[in-house]
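Coordinate analysis (summary)
The residues making up each chain are set out below.
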Amino acid sequence: MKNEAPEVLISEEQIQLRVAEIAEQISEDYSRAEDLVMVGVLKGSFIFLADLSRKLSIPRTIEFIAVSSYGSGSRSSGAVRLVMDVRGNIEGKHVLIVEDIVDTGHTLKYLIGMLKSHRPASVKTAALVRKAESAEVEVTTDYLGFDIGDEWVVGYGLDFAEQNRTLPYIGIVKPTDR
Ligand code: PRP
């Protein structure tokens, strides 16, 4: 990728506003639920999870999970493999999976099924962005930041070849930079 900063798709201010709104909604929805566990999907979710979790007004604990998807290119193939499971016991707890992006939907679908096998009280999902047109499987995103088109996006946890994850905004990688 060239050195110039990616073009802004979603600004830092827009992200922070939307994250605060989602946090308020989650705090309300889980106000009577004990044991909310936020499960961040490595690596991309780390910034969204950090901001979202700190804006909640309810008790919560944090876990991480890591997956890798087989297949070449930028798209997940549908064959998702668990690389690292949650460390704590989530049985009987309310699980909120936190993702940076839902693209084909394969990763989230796999994770919902996998985490349900731990017998939690419930499983819901939060994602900062979703590529609605790219969906290959039906999967519910209970808390969504933004729907975007089929662009390659970076920033706020999202990368292109591991670059630009820590940009405070979401930017677009031009086809000429790929
Ligand atoms: C991204 C993202 C999701 C997955 C979504 O992870 O964090 O986990 O892809 O794609 P899907 O809906 O097509 O399954 P990525 O493989 O880029 O890894 P990273 O989070 O470590 O960057």
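We now turn to the structure provided with this report. (Residues numbered from 1 in each chain as written. Predicted model: local features only at pLDDT ≥ 70, side-chain atom pairs only at ≥ 80, totals over all residues. Heavy atoms only, no water.)

1. Some words on the sheet that holds strand β3 (residues 61-69)
Pairing between the strands of a sheet comes from backbone hydrogen bonds, and it takes one of two forms, parallel or antiparallel. Test applied: Strands qualify as paired when DSSP identifies two bridges or more between them. Only DSSP runs of H or I reaching four residues or more are called helices, and only runs of E reaching two or more are called strands; each is numbered from the N terminus. Helix axes are fitted to C-alpha atoms over the stretch in contact, other axes to C-alpha atoms as well, and angles between N-to-C directions run from 0 to 180 degrees. Here, residues are in contact when the closest pair of their heavy atoms is within 4.5 Å.
One open sheet holds the 6 strands; their spatial order is β4-β3-β2-β5-β6-β7, and the pairing between them is mixed. The strands lining the two open edges of the sheet, one partner per strand, are β4 (80-84) and β7 (143-148). Between one strand axis and the next, the sheet turns by 30° as a mean value, whatever way the strands run. Pairing of strand β2 (residues 36-42) with β3, which is carried by 6 bridges, proceeds in the parallel orientation. Bridge assignment links M38 to a residue of β3, and that residue is I62. Helix α2 (residues 46-55) rests against β2, β3, β5 (94-102) and β6 (122-131) of the sheet, and its axis sits at about 160° to β2.

2. Concerning the pairing of β2
Note on strand geometry: in a regular strand, side chains alternate between the two faces of the sheet. Basically, it comes down to this: The buried label goes to any residue with under 20% of its type's maximum accessible area, the exposed label to any with over 50%, and the partly exposed label to all in between, with areas taken from a 1.4 Å probe on protein chains only.
Most of β2 sits inside the fold, with 6 of its 7 residues counted as buried. Summarising the sheet, β2 and β5 pair through 5 bridges and their orientation is parallel. Across the sheet, residue V39 finds its bridge partner in β5, namely I97.

3. Points about the side chain of E99
To be explicit about the condition: When charges are counted, neither His nor the chain ends are considered; positive counts come from Lys and Arg and negative counts from Asp and Glu. Salt-bridge detection follows one rule: a side-chain nitrogen of Lys or Arg within 4 Å of a carboxyl oxygen of Asp or Glu.
Tracing the backbone shows E99 in strand β5. For the buried E99, no salt bridge exists, and the shortest N-O distance to an oppositely charged side chain is 9.1 Å, to R165. In contact with E99, other than residues within four places in its own chain, are V41, S45, F48, T107, L108, L111, A126, A127 and L128.

These figures come from the coordinates and say nothing about function on their own.
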